[in-house]
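# Inside the fold
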Amino acid sequence: MTDPEKRGEGPRTLALVIGASRYSHLGGEPGISRTTDTYGLSELSVSALTAYRFAEWLREAYRVSGKPLARCWLLASPTEDELRAEPGLAGVLEPTFRNCEDAIWEWYTAARELSAKNAQRSRLVFFFSGHGLERMLDEQLLLPSDYLQRGLVNRAINVRDLRQALAACGVSQQLYLIDACRNDHPRLRDLGVSLTGTQVLNPLDNSRSNPDLDAPVLYGSSSGQQAFGPRSVDDGLTLFGQALLSGLTAPPADSVVHDSDDCVMPIDQLQEYMNARIAELLRTYKSAGTQRVMKGGQSAGRFVMSELACDGFAPTSPPSVRESERLGRTATVEFVDPTSGQLIGANEGEDPFGDAGMAEIWSGKHFGTLGEESGPAPELTLVRVDRRGTSLYDIVIRVDSDPIEAVLTLSEEPGGTGRRFDCHLPWVGHGALFALRLARDDSGRLVHIETDLDLANTDALGRTAEAWRTYHEQSAVAALPILSDGELSDVVTGASPSPLPLIVAGHIRLAAGHRLDPKMVEDAAVVYSNWSDLGVFLLESRGREYATSVVPTRLSALALPRTTDATALAWRQLTHLHTFAAAGDGVIELRKRLAEVLPRMQPGSLFPVILSPVESVNLPYP
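Just so you know, the residues in each chain are numbered from 1, in the order the chain's sequence is written. pLDDT decides what is reported in this predicted model: residues at 70 or higher carry local features, side-chain atom pairs at 80 or more are listed and counted, and totals for whole chains, interfaces and linings draw on all residues regardless. Side-chain calculation: all heavy atoms of the structure are included, whereas hydrogens and water are not.

## Considering the sheet that holds strand 6 (residues 157-158)
Should DSSP find at least two bridges between two strands, the strands are taken to pair. Secondary structure is summarised from DSSP: a helix means a run of H or I of at least four residues, a strand means a run of E of at least two, and numbering begins at the N terminus for each. Strands sit in the order 4-5-6 across an open sheet of 3 strands; the sheet is antiparallel. The open sheet terminates on both sides in strands that have one partner only, identified here as strand 4 (132-134) and strand 6.

## Re the pairing of strand 3 (residues 123-129)
In this scheme, a residue with accessible area under 20% of its type's maximum is buried, one over 50% is exposed, and one in between is partly exposed, where area comes from a 1.4 Å probe on protein chains only. Where burial is concerned, most of strand 3 is hidden: 7 out of the 7 residues are buried. Residues of strand 3 alternate between two faces, with R123, V125, F127 and S129 on one and L124, F126 and F128 on the opposite face, all of them buried. Here strand 1 (residues 13-20) runs beside strand 3; their pairing, made up of 7 bridges, is parallel. Opposite A15, over in strand 3, you have V125 as the bridge partner.

## What to know about the pattern of salt bridges
Just to be clear on terms, a salt bridge is a Lys or Arg side-chain nitrogen sitting within 4 Å of an Asp or Glu carboxyl oxygen. Under the definition given, this model contains 34 salt bridges. Among the salt bridges present, the one from D452 reaches R469, with a minimum N-O distance of 3.4 Å. With a gap of 17 residues between them, D452 in strand 21 (residues 446-453) and R469 in helix 11 (residues 459-473) connect regions that are remote in the sequence. Of the two residues, D452 and R469, both sit in the buried class. By sharing partners, the salt bridges in this structure join R292, R322, E325, R388, D394, R437, E466 and E473 into a single network.

## Considering the sheet that holds strand 22 (residues 609-612)
In a beta sheet, neighbouring strands are held together by backbone hydrogen bonds and run either parallel or antiparallel to one another. In space, the 4 strands of this open sheet follow the order 15-18-19-22, with antiparallel pairing throughout. Both edges of this open sheet fall to strand 15 (366-369) and strand 22, since each of them pairs with a single strand only. This sheet shows a mean twist of 20° between the axes of neighbouring strands, independent of strand direction. Bridge count between strand 19 (residues 420-425) and strand 22: 4 bridges; the pairing is antiparallel. Within strand 22, the position partnered with R420 by the bridge is S612. Each axis is a line fitted through C-alpha atoms, taken for helices only over the stretch in contact, and angles between the N-to-C directions span 0 to 180 degrees.

## Some thoughts on the packing of helix 7 (residues 239-249) against helix 8 (residues 267-284)
Axis separation between helix 7 and helix 8 bottoms out at 9 Å; the angle between their running directions is 130°. The pairing of helix 7 with helix 8 is recorded here as oblique in orientation. The crossing of helix 7 and helix 8 is right-handed. In this structure, helix 7 contributes L239, F240, Q242, A243, L244, S246, G247 and L248 to the contact, and helix 8 contributes L270, Y273, M274, R277, I278, L281 and L282. When residues are grouped by polarity, Ala, Val, Leu, Ile, Met, Phe, Trp, Tyr, Cys and Pro land in nonpolar, Asp, Glu, Lys and Arg in charged, and all others, Gly among them, in polar. Among the residues making up the contact of helix 7 with helix 8, the classes are represented as 11 nonpolar, 3 polar and 1 charged. Any angle that is under 35 degrees is reported as roughly parallel, and any over 145 degrees as roughly antiparallel; angles of 65 to 115 degrees are reported as roughly perpendicular and all others as oblique. The hand of a helix crossing depends on one turn: near helix anticlockwise from the far one by less than a right angle means left-handed, and clockwise means right-handed. Whether two residues touch is decided by their heavy atoms; if any such pair falls within 4.5 Å, the residues are in contact.

## A short note on the packing of helix 13 (residues 485-492) against helix 15 (residues 518-527)
Direction vectors running N to C along helix 13 and helix 15 enclose 35°, while the axes themselves pass 9 Å from each other. Only M520, D523, A524 and V527 of helix 15 make contact with helix 13, whose side of the interface consists of D485, L488, S489 and V492. When its residues are assigned to classes, the contact of helix 13 with helix 15 shows 5 nonpolar, 1 polar and 2 charged.

## Some remarks on helix 15
Turn by turn, an α-helix covers 3.6 residues, leaving residues three or four places apart pointing in a common direction. Within helix 15, burial applies to M520, V521, A524 and A525. One side of helix 15 carries all its buried residues, which in axial view fall inside an arc of 135°. By the criterion applied in these results, polar contacts are pairs of N or O atoms within 3.5 Å in which, for protein atoms, one can donate a hydrogen and the other can accept it, and in which residues neighboring in sequence qualify only through two side-chain atoms. Measuring from the side-chain oxygen of the N-cap residue of helix 15 to the backbone nitrogen of K519 gives 3.1 Å; that N-cap residue is D517. Arc definition: directions from the helix axis to the C-beta atoms.

## Comments concerning the nonpolar core
Formed by 60 residues in total, the largest nonpolar core has its most connected members in I395, I397 and F434. In terms of residue count, the dominant contributor to this core is helix 14 (residues 500-511) (7 residues). We call a set of buried Ala, Val, Leu, Ile, Met, Phe, Trp, Tyr and Cys residues a nonpolar core when their side-chain atoms join them within 4.5 Å. Judged by nonpolar contacts, the second largest core, of 51 residues, contains A70, L124, A167 and V200.

## Details of the packing of aromatic side chains
By convention here, two paired aromatic rings are described through the distance between centres and the angle between planes. Aromatic rings from Phe, Tyr and Trp, taking only the six-membered ring of Trp, are treated as a pair when their centres fall within 6.5 Å; an angle between ring planes under 30 degrees marks them as stacked, one over 60 as edge-to-face, and anything in between as tilted. Evaluation of the coordinates by the stated rule reveals 10 aromatic pairs. Taken together, the ring pairs connect F54, W57, Y62 and F127 into an aromatic cluster. Over the aromatic face of Y219 sits the side chain of R182, whose NZ or CZ is 3.9 Å from the ring centroid. In this scheme, the term charge over a ring applies when either NZ of a lysine or CZ of an arginine sits within 6 Å of the ring centre and within 35 degrees of the ring normal. Above the plane of the ring of W531 lies R562, whose end atom (NZ or CZ) is 5.4 Å from the centre.

## Points about the environment of G494
Tracing the chain through its elements places G494 in the loop between helix 13 and helix 14. Not counting residues within four places of it along the chain, the set of residues in contact with G494 comprises V527 and Y528.

## Brief notes about unusual backbone geometry
With a phi angle near 55°, Y39 is a residue other than glycine that sits in the positive phi range. Here Y39 is to be found in the loop between strand 1 and helix 1 (47-60). Its relative accessible area of 15% is what places Y39 among the buried residues. The residue K286 is not glycine, and still its phi comes out positive at about 60°. The class for K286 is exposed, based on a relative accessible area of 76%.

## Observations regarding helix 13
Taken as a whole, helix 13 has its buried residues at E487, L488, V491 and V492. Along the axis of helix 13, the buried residues cluster in a sector spanning 150°; they form a single face. On its buried face, helix 13 is in contact with helix 11, helix 14 and helix 15. The first or second residue beyond helix 13 is G494, which carries a positive phi of 90°.

Listed below in structure tokens is the structure:
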């Protein structure tokens, strides 16, 4: 899909669009043997059509001043139903791994051939809709249409490697739109398979990256979660695709920014709109699932998705994520007083879970202290249960304990059988309210748990919960002002039971392209010496010089971080340190402990949730 009039000299937009619905080794395509173990993967229904519609929008409506669309590579593997719905998909090159590799190389080469001046003012756009896998935070693989050919699980595209290679190509603006799942499969975890993908470009180190790089990523789901689409082309595109294209063609007036004589759609406003629209669509489809569009990558400024005609905007936004989820609840059960045992919202004698299997899983829980920590056993009180059917539960618990780390352990099946989820709950104050989200599959087995702070917490802890929830439901930019510098200064002085407000603010600021004040973090690290998350932020803000001088003495003595994102960030930092070999045995040992924990850590959670086999001993955490 090329506009010959726009292929001359000058800055430009180069786009690569991939949509995979038909998977030759997942759906039993005639003449091709179906892989024995597909790890729960099957063919999709509308990903190829979604990619085609996005390519159409690029060709017909995309407009960014000084960066016209010059060329768009399109690869798609449509189903028969998609071909009937859109005959234009016939004859489009199939996104096998080899074809994807060739298209990426052509796209990359076209970018490298731009003059330095034109590259600095040009833009790359990458769109993928199809299957994805992710075992560790920011280690997502995109699966080509011939995935699992010969059973190979790593014949796929690693998003991180792709971004690293393109960071050095000279084009300063890059946009990645990833409409794919970010979860994995239990059998891959149990087999210990390392999902790394297959290299298609040479990833270069940070020293070769463009210092002016503005390269945001919009992920179709949060880490560890799924991205959804209807089962029939009659019901529309994927939820990500529907929300994206409606946000770019008929956005609500309050999402559009007026810039001089133009109306523009910045990526942060688009993310907020898409999250609200997807929550509304899930309720419309009567789905109990959740899906969050998350922003990643590197973007410090206001990245404009497209310029729009300044008329015809929809008058109102969709309901918020929170409102859509509230309307979709099947039941809410809460206690009049957490110590009374009296239930509100349940029939007499009814358990709050509405399902005997889930009630048995909860009654079989174990709640205690971590490792060798001593002191009175922590007390757990069930406060509220929100449920959508019997597949998704939002549970609020109150933890009363001395300043010790608590662990809530749940088995994946009733009767204490199957693997276990160890939910680590750091001490953040007496009587803190934690929010747990539990997801079950059709057989009633627990498949995912996230732990978070509940919004009913008070003072700084309540605002920390609000900031984290806003970051996940809207965007990092929307969450930035919730935790003010003044409030964070109070944390540094030791006025807070824990540094959690500062740590959450650090995660949000990194996602928004900002950093915490290193002096503030340094001071907090002295007050809260047992929170290694602060050391991770120091390393991120101080850079290589700090790493060379401090890492051998500081990180070697630290336990693992108490937040999931900081644990993943620590792994990336230690992996990329050029001084790693000389960093000392302590740092090497820390990296080994991270390598044990991260593959079993549930992504998407504020606090670590570690999935362990029944026969395993305690993992080295913290």
